[in-house]
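# Architecture at a glance
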Amino acid sequence: MSRLADDVRAVLSAWSAPDAHNEELRRSYLAHMDAHPDALSRSCAAGHLTASAAVLDPTGSKGVLTLHGKVGLWLQTGGHFEDADTTLAGAALREAEEESGIRGVEVLAEPVRLDRHHVGCCGGTWHLDVQFAAVAPDGAVLSIDPQESDDLGWFPVDGIPDPTDEACRALFAAASAAVRARS
């Protein structure tokens with residue numbers, strides 16, 4: 001994972017955080033990687049980095065949400081790094097395509113936000129999530145994989161259903177703004 005670690009460091013080092021909270025998280029993620037050589041692996045009990053993506057339609061008005069089987073919330077696509085991952089954006093893309101069933105997703109070049117949250121995996125730890133905006137091809141059709149999700153759907157960015165969390169709502173708002181800004 002050294003190539004992936006180099007990419008994660010490069011992306012986070014170059015990223016201009018959109019606000020003071022994200023800047024604090026950006027610095028803490030880099031410090032966490034310095035303190036924990038296994039910070040990209042689920043084996044890092046102190047917490048590990050993850051990659052996720054808010055998958056949107058080309059207009060940025062609708063997004064894909066997955067009903068997470070373990071936590072019972074509607075969330076963005078994303079998850080842990082795998083051995084074959086070589087870039088942060090590539091990991092977000094892999095997760096987006098695996099969990100949505102959509103092929104041809106385009107992940108925007110840089111993250112839109114960061115989120116640190118406690119999770120029950122690995123006996124209870126922290127996910128230091130790097131979150132991207134992604135665009136599905138026009139007319140993309142979802143294909144649910146029961147091993148990945150309990151349900152899957154397209155929802156208006158301004159009408160994300162409950163149960164969800166504020167981090168998911170904030171990600172979709174930031175992702176929608178990024179997608180609309182590139183048009």
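Going by the structure above, here's the rest.
Residues numbered from 1 in each chain as written. Predicted model: local features only at pLDDT ≥ 70, side-chain atom pairs only at ≥ 80, totals over all residues. Heavy atoms only, no water.

### Some thoughts on unusual backbone geometry
- The omega torsion of the bond from aspartate 162 to proline 163 falls at 0°, within 30 degrees of zero and hence cis.
- Residue position: proline 163 is located in the loop between β8 (151-156) and α4 (166-181). (Helix = DSSP H or I, 4+ residues; strand = E, 2+ residues; numbered from the N terminus.)

### Thoughts on the pairing of strand β6 (residues 113-119)
- As paired strands, β6 and strand β7 (residues 125-135) are joined by seven bridges and run antiparallel to one another. Looking at β7, one finds that valine 119 is bridged to threonine 125.
- The antiparallel pairing of β6 with β7 creates a hairpin that spans five residues between the two strands, and cysteine 122 there sits at a positive phi of about 55°. (Pairing = 2+ DSSP bridges.)

### Describing the packing of aromatic side chains
- A full pass over the atoms with the stated rule returns one aromatic pair.
- Ring geometry for tryptophan 74 versus phenylalanine 155: centroids 4.9 Å apart, planes at 65°, classification edge-to-face. With a gap of 81 residues between them, tryptophan 74 in strand β3 (residues 74-75) and phenylalanine 155 in strand β8 connect regions that are remote in the sequence. For the pair formed by tryptophan 74 and phenylalanine 155, the shared burial category is buried.
- In this structure, lysine 62 is placed above the aromatic ring of tryptophan 154, and the distance from its NZ or CZ to the ring centre is 5.8 Å.
- Cation over ring: arginine 116 sits above tryptophan 126, and NZ or CZ is 3.9 Å from the ring centre. (Phe/Tyr/Trp six-rings, centres within 6.5 Å; stacked < 30°, edge-to-face > 60°. Buried < 20%, exposed > 50% of the residue type's maximum accessible area, 1.4 Å probe, protein only. Lys NZ or Arg CZ within 6 Å of the ring centre and 35° of its normal.)

### Some points on the nonpolar core
- Ranked by internal contacts, the top residues of the largest apolar core, which has 31 residues, are Val8, Leu12, Tyr29, Leu49, Phe81 and Val130.
- Looking at this core, the elements with two or more residues in it are α1 (2-14), α2 (20-35), β1 (48-56), α3 (88-100) and β7.
- Apart from the residues within four sequence positions on either side, valine 130 is in contact with Leu12, Tyr29, Leu49, Thr50, Ala51, Ser52, Leu88, Pro111, Arg113 and Leu114.
- Residues Ala54, Val135, Phe155 and Ala175 belong to the second largest nonpolar core, which totals 17 residues. (Core = buried A, V, L, I, M, F, W, Y, C linked by side-chain atoms within 4.5 Å. Contact = heavy atoms within 4.5 Å.)

### A look at the side chain of glutamate 95
- Mapping glutamate 95 onto the fold places it in helix α3.
- Residue glutamate 95 is classed as buried on the basis of its relative accessible area of 6%.

### A look at α4
- With 16 residues, α4 should reach 22 Å at 1.5 Å per residue; the first-to-last C-alpha distance of 22 Å fits that figure.
- Every buried residue of α4 is listed here: Ala167, Cys168, Leu171, Phe172, Ala175, Ser176 and Val179. Along α4, the residues classed as buried sweep out an arc of 165° about the axis, all on the same side. Turned more than 90 degrees away from the buried face of α4, the exposed residues are Glu166 and Ala181.
- Here the buried face of α4 lies against β1, β2 (62-67), β3, β6 and β7.
- For α4, the N-terminal capping position is held by aspartate 165, with its side-chain oxygen 3.3 Å away from the main-chain nitrogen of alanine 167. (Expected span 1.5 Å × (residues − 1). Arc of directions from axis to C-beta. Polar contact = N/O pair within 3.5 Å; in protein donor to acceptor, adjacent residues only side chain to side chain.)

### Examining the pattern of salt bridges
- Tallying each qualifying case throughout the model produces ten salt bridges.
- Between glutamate 23 and arginine 27 there is a salt bridge; the shortest N-O distance is 2.7 Å. In this pair, glutamate 23 and arginine 27 both sit in helix α2, four residues apart, roughly one turn of the helix.
- Look at arginine 27 and you get exposed, because its relative accessible area is 55%.
- With a shortest N-O distance of 3.2 Å, glutamate 82 and arginine 94 are connected by a salt bridge. On the criterion of sequence distance, the pair formed by glutamate 82 in the loop between β4 (77-79) and α3 and arginine 94 in helix α3 is long-range, its members being twelve residues apart.
- A relative accessible area of 15% places arginine 94 in the buried class.
- Through salt bridges with shared partners, a single network forms among Glu82, Asp85, Arg94, Glu95 and Glu98. (Salt bridge = Lys/Arg side-chain N within 4 Å of Asp/Glu carboxyl O.)

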